[in-house]
Amino acid sequence: MKHVPLGASGIESPNVVLGLMRIPEMTDDAIRDLVRTARDSGIDFFDHADVYGNAVHHCEERFAEAMQLTPSQRDEIVLQTKCGIVGDGPYFDFSYEHIVESVEGSLKALRTDRIDVLLLHRPDALVEPDEVARAFDELHAAGKVHHFGVSNHTPGQVELLKKSVQQPLAFNQVQLSITHANVITQGLVANMGGLDQAIDRDNDILNYSRLNDVTLQAWSPFQKGFFDGVFLGDREQYAELNDVLEELAAAHGVTPTGIAVAWITRHPAHFQVVLGTTNPQRVRDSAAGSDVELSREEWYRVLTAAGHTVP
Ligand SMILES: NC(=O)c1ccc[n+]([C@@H]2O[C@H](COP(=O)([O-])OP(=O)(O)OC[C@H]3O[C@@H](n4cnc5c(N)ncnc54)[C@H](OP(=O)(O)O)[C@@H]3O)[C@@H](O)[C@H]2O)c1
């Protein structure tokens, strides 16, 4: 398992981590099996959010109930969670009250005394950076949150927060898979007319993050688009891509899932891939991809097989 630097924090973590958004219906045994498989594969970083599950803090609670972590087991892992989406919204809330209340709820649900990483989940159009800063200062000073970041934010939105927030915003979790790859592919065709790929949908978050020591985390790494199924094995829509993934998988001694991970981790921005599978074998297959270093030629082959333009 390869590790990547987390922002400028000096801390390193695996470049493949496990998201727990899809665990609410799983039994305690199945959750333990999933998490144990992740740990055995070298994954010690787990991604939550207050809104995951059938009620607020539900997935966090299911994780803690199933795992019953001892203090030393808790020390061995990194727990990341998110706040800012109002579960029965639909709206976003980055107010001081909401952030603090959400973190207190996450601490209780996760049965822990600190959140290692807290992300602001989706941008709140009504954000007041001073309020976010007040919440972060208080939570940080109390030792309740150690590191901070954002998710689905543009560079301008990060800069606005930085005007008031003192702590480094070391993470930005964004949607990225081989087939939903505008974060990476837009820059290949910048300024080309008539191409959807040329549309800059995130104000160049990729280069902003590399320049500012922000670790990018890739959510939905196997989804075709926005929660509409995986491209792996989808021969109707992605026959050529699956052919190339299978060929490279055989060449590198891993599965196509491993190559799909390796395509993301090959990028020098040092992405962390946030897995969403609830299947232990897929966790193993994904973790195996962490150690595969695709050549430049292989990386571009995957890109073009997915239908992206390389002019
Ligand atoms: N920041 C954000 O806004 C945001 C948004 C969404 C998600 N997230 C985070 O990102 C994590 C991953 O998101 P995701 O679950 O959408 O990502 P994903 O890993 O791309 O998708 C996993 C889903 O695809 C299914 N699947 C079917 N065939 C598969 C195959 N061959 N390989 C892998 N998966 C297959 C899985 O089913 P099985 O369980 O049966 O394998 C599971 O339901 C979440 O857990 C959450 O922590 C963040």
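See the structure above.
Keep in mind that what you see is a predicted model, and the values were worked out from it rather than measured. (Residues numbered from 1 in each chain as written. Predicted model: local features only at pLDDT ≥ 70, side-chain atom pairs only at ≥ 80, totals over all residues. Heavy atoms only, no water.)

Enquirer: Please set out unusual backbone geometry residue by residue, giving values where relevant.
Expert: The residue N203 is not glycine, and still its phi comes out positive at about 55°. The topology assignment puts N203 in the loop between α7 (182-185) and α8 (205-211). The backbone of D213 shows a phi angle near 55°, a positive value even though the residue is not glycine. On the basis of relative accessibility, which here comes to 44%, the residue D213 falls in the partly exposed class. (Helix = DSSP H or I, 4+ residues; strand = E, 2+ residues; numbered from the N terminus. Buried < 20%, exposed > 50% of the residue type's maximum accessible area, 1.4 Å probe, protein only.)

Enquirer: Tell me about the pattern of salt bridges, residues and numbers included.
Expert: Oppositely charged side chains can pair when the atoms bearing their charge come close. Per the stated rule, a full pass over the model turns up 18 salt bridges. With its nearest N and O atoms 4.0 Å apart, the salt bridge here joins D116 to R114. R114 gets classed as buried once you look at its relative accessible area, which sits at 16%. Here R201 ties to D196 by a salt bridge, and the two come within 3.1 Å at their closest N and O atoms. One salt-bridge network, in which partners are shared between bridges, spans R74, D75, D113, R114 and D116. (Salt bridge = Lys/Arg side-chain N within 4 Å of Asp/Glu carboxyl O.)

Enquirer: Outline the packing of aromatic side chains, listing residues and values.
Expert: The way to describe two aromatic rings as a pair is by their centre distance and the angle between their planes. Across all of its chains, the model carries seven aromatic pairs by this definition. When the centroid spacing of 5.9 Å and the interplanar angle of 40° are considered together, the rings of F46 and F63 count as tilted. Residue F46 is located in strand β4 (residues 45-47), and its partner F63 is located in helix α2 (residues 58-67); the two are separated by 17 residues in the primary sequence. By relative accessible area, which is 2% here, F63 ends up buried. Ring geometry for W219 against F226: centres 6.2 Å apart, planes inclined by 70°, an arrangement best described as edge-to-face. Residue classification places W219 among the buried positions, given a relative accessible area of 12%. An aromatic cluster is present here, built from W219, F226 and F227 joined pairwise through their rings. Between R134 and the ring centre of Y96, over which it is positioned, the NZ or CZ distance is 3.9 Å. (Phe/Tyr/Trp six-rings, centres within 6.5 Å; stacked < 30°, edge-to-face > 60°. Lys NZ or Arg CZ within 6 Å of the ring centre and 35° of its normal.)

Enquirer: So what about the site of the ligand? Which residues, and what values?
Expert: Inspection of the region around the ligand gives 26 residues, with R22, D47, T277, T278 and R282 positioned closest. In the model, a nitrogen atom of the ligand is placed 2.8 Å from a nitrogen or oxygen of the S151 side chain. For the ligand, an oxygen atom lies 2.6 Å from a polar atom in the side chain of S220. In isolation the ligand offers 900 Å² of accessible surface; the protein chains occlude 86% of this area. Here the residues of the shell around the ligand are counted per class, giving eleven nonpolar, eleven polar and four charged. (Near = heavy atom within 4 Å. Polar contact = N/O pair within 3.5 Å; in protein donor to acceptor, adjacent residues only side chain to side chain. Areas by Shrake-Rupley, 256 points an atom, 1.4 Å probe, with all protein chains shown as cover. Nonpolar A, V, L, I, M, F, W, Y, C, P; charged D, E, K, R; others polar.)

Enquirer: Describe the side chain of S13, with residues and values.
Expert: Tracing the chain through its elements places S13 in strand β2 (residues 12-14). Those residues in contact with S13 that lie beyond four places of it in its chain are K2, H3, V4, L6, F45, V78 and Q272. (Contact = heavy atoms within 4.5 Å.)

Enquirer: I'd like to hear about the sheet that holds strand β9 (residues 145-151), residue by residue, with values.
Expert: The strand order around the closed barrel formed by eight strands is β3-β4-β5-β8-β9-β10-β11-β12, and the pairing between neighbours is parallel. For this sheet, the mean angle separating the axes of adjacent strands, direction not counted, is 30°. Pairing of β4 with strand β5 (residues 78-83) involves three bridges; the strand directions are parallel. The residue of β5 that forms the bridge with F45 is V78. Helix α4 (residues 96-110) rests against β5, β8 (115-120) and β9 of the sheet, and its axis sits at about 140° to β8. (Pairing = 2+ DSSP bridges. Axes fitted to C-alpha atoms, helices over the stretch in contact; angles between N-to-C directions.)

Enquirer: Quick one: what's the story with the nonpolar core, residue by residue and with numbers?
Expert: Among soluble globular proteins, nonpolar side chains are generally buried collectively. One finds I99 and W263 to be the most contacted residues of the largest nonpolar core, which totals 81 residues. Discounting chain neighbours no more than four positions away, the residues touching I99 are C83, F94, L118, L120, V132, A135, F136 and L139. (Core = buried A, V, L, I, M, F, W, Y, C linked by side-chain atoms within 4.5 Å.)

Enquirer: Summarise the environment of K144; cite the residues concerned and give the values.
Expert: Mapped onto the elements of the fold, K144 is located in the loop between α5 (129-141) and β9. The partly exposed category is assigned to K144, whose relative accessible area is 26%. Along the chain, K144 and V103 lie 41 residues apart, while their C-alpha atoms are 8.1 Å from each other. Ignoring any residue separated from it by four or fewer positions in sequence, one finds K144 in contact with E104, L107, D113, R114, I115 and L139.

Enquirer: Could you give an account of α5, with specific residues and numbers?
Expert: Look at α5: 18 Å from first C-alpha to last across 13 residues, which is about the 18 Å you get at 1.5 Å a residue. All of the buried residues along α5 are P129, V132, A133, A135, F136 and L139. On an axial view of α5, the arc spanned by its buried residues comes to 165°, and they lie on one face. Away from its buried face by more than 90 degrees, α5 exposes D130 and A141. The positive-phi residue at the C-terminal boundary of α5 is G143, with phi of around 75°. (Expected span 1.5 Å × (residues − 1). Arc of directions from axis to C-beta.)

That is the geometry; function is a separate question.
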